[in-house]
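Geometric and topological summary
Here are the chains, one letter per residue:
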Amino acid sequence: MSNPEWILLRGGRVIDPSSQWDATADLLIGNQRVVAMGKNLDRPSQCLILDVDGLVVSPGLVDMHTHMREPGFEHKETIAGGLSSALAGGVTSLAAMPNTKPNADHPEIISFMLEKARQAGRAHLYPIGAITKGSNSEELTDMQAMLTAGCVAFSDDGKVVKGSGMMRRALEAAKAVNALIIQHAEDPTLAPDGCMHEGEVSRRMGVVGIPSASEDIIVDRDIRLVALTGGRYHVSHLSTAGSLHAVAAAKQAGLPVTCEVTPHHLVLTDEAVLTHGTHAKMSPPLRGEQDRLALLEGMARGTIDAIATDHAPHEEASKAVEFSKASNGVVGLETMLPIALQLVEEGVLSLSDCLAKMTINPARLLSIPRGSLAVGALADVVVFDPSEAWVVDANRFQGKGRNCCFQGRKVRGRVKMTLVDGI
């Protein structure tokens, strides 16, 4: 039966962080939406019944930080390929950063990306528009026009918004249209030739490092500008103890400041470069153990709002070069769930809290109608086995990118089924 009118997921552990639901139950889906949730639900006629006993039923994952590469870099990935990779990882909604070619700094590019996603007919794509034209920190984009075209937030990701004056104007402009500013926090002047974390490993390898202060300085500056303007501000792929401390203090002061952390920054350190080489090169770089432990504490305390992959596929040639010349970025859509579940296994988070950081929390930050299994919600659902063990093999990924820093890693948690709008 293809595209049945009704689907009943029977007997799974249904976890919906948006409503604090966590119990063995049935989930009934009809007309693309969640119709009912509870024990021993009645079966409508023409209903496909799927036994999910022993599995977890969750809202589809929401990844608020990815790079789809299209337009302009289709040799690295396409929107269709990226959405296929997302579904394989249980990600039903994802936000795409604007560092495409041409840059997503104009409504026409936003419309192009949305049309490509519509044609692919897979997961939901939510474009993020550029803060400045060409992401060059010189002239603000027309935020209202891009919001109207369908973008959900603004970032110059891949580059920092450089000048304090420009960042102030960006926050003020975003506040005027009730939009979120997402910052790639890095002061490139501290280490213009840096290619990994500045520490013992970089010194051992003889490569130029990037100090943690590079991130801390920008976050400190921006939070002062948030206090000045009242604009909503989100730290992208936060990686240092110092910037985490600044975000925690800003929240304590009641400022509209949030942050995300990647799975790789939660479980790996710069030591991974010694074994994975250029496949462990990204921006911001993998940090030291002290920073990693601080991030875990930030997860447990709730300072960190979301887990996001910074999924960044590259062709093999851009990684098969010496470390200092290799492209930054790793893929993460198909390993997001099992790596995050390691935090549950280690007692850092409950399963519900872990899922909240990959579902309702990022959905609310982006103001999109996703990440929930509440009755009436659009039926984006992932069903997974939290205990199934497997070994990461990037050669079997759905997307083009093979640049994975978890290659060969033994993980637990396997996606068994992904539904988008109930299909």
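Predicted model, so just to flag it, every value in this text is computed and none were measured.

Under the counting rule described, the total for this entry stands at 16 salt bridges. Linking Arg 13 and Asp 22 is a salt bridge whose minimum nitrogen-to-oxygen distance equals 2.9 Å. Given a relative accessible area of 36%, Arg 13 falls into the partly exposed group. The class of Asp 22 is partly exposed, set by a relative accessible area of 37%. Through salt bridges with shared partners, one network takes in Arg 370, Asp 380 and Asp 421.

The next subject is the nonpolar core. Ranked by size, the top nonpolar core spans 92 residues in total, and within it Leu 125, Ile 181, Tyr 233, Leu 266 and Met 358 carry the most contacts. Considering each element in turn, this core owes the most residues, 6 residues, to helix H11 (residues 336-345). Leave out the neighbours within four places in its chain, and Met 358 touches Gly 60, Leu 61, Val 62, Ile 307, Met 336, Leu 337 and Ala 340.

Here the focus is H11. Burial runs high along H11: 8 of the 10 residues are buried. Buried residues of H11: Met 336, Leu 337, Pro 338, Ile 339, Ala 340, Leu 341, Gln 342 and Leu 343, and no others. Just downstream of H11 lies Gly 347, where phi reads positive at about 80°.

Mapping His 75 onto the fold places it in the loop between strand S6 (61-66) and helix H1 (79-88). Between the C-alpha atom of His 75 and that of Lys 400, which follows or precedes it by 325 residues, the distance is 8.4 Å. Filtering out sequence-adjacent residues up to four positions away, His 75 remains in contact with Glu 315 and Lys 400.

What follows deals with the layout of surface pockets. Size it by volume and the largest pocket reaches roughly 810 Å³. In terms of residue class, the lining of the largest pocket is built from 9 nonpolar, 15 polar and 9 charged. Each pocket or cavity is described by its volume, and for the second largest pocket that value is around 320 Å³. If you list the elements that add at least two residues to the lining of the second largest pocket, you get H11, strand S16 (381-391) and strand S17 (410-419). Residues belonging to the lining of the second largest pocket are distributed by class as follows: 9 nonpolar, 4 polar and 4 charged.

About the criteria used
- Residues numbered from 1 in each chain as written.
- Predicted model: local features only at pLDDT ≥ 70, side-chain atom pairs only at ≥ 80, totals over all residues.
- Heavy atoms only, no water.
- Salt bridge = Lys/Arg side-chain N within 4 Å of Asp/Glu carboxyl O.
- Buried < 20%, exposed > 50% of the residue type's maximum accessible area, 1.4 Å probe, protein only.
- Core = buried A, V, L, I, M, F, W, Y, C linked by side-chain atoms within 4.5 Å.
- Helix = DSSP H or I, 4+ residues; strand = E, 2+ residues; numbered from the N terminus.
- Contact = heavy atoms within 4.5 Å.
- 1 Å grid on protein atoms, 1.4 Å probe; cavity = no way out; pocket = protein on both sides within 12 Å on 5 of 7 lines; lining within 4 Å.
- Points joined across faces, edges and corners; volume = space filled by probe spheres on them.
- Nonpolar A, V, L, I, M, F, W, Y, C, P; charged D, E, K, R; others polar.

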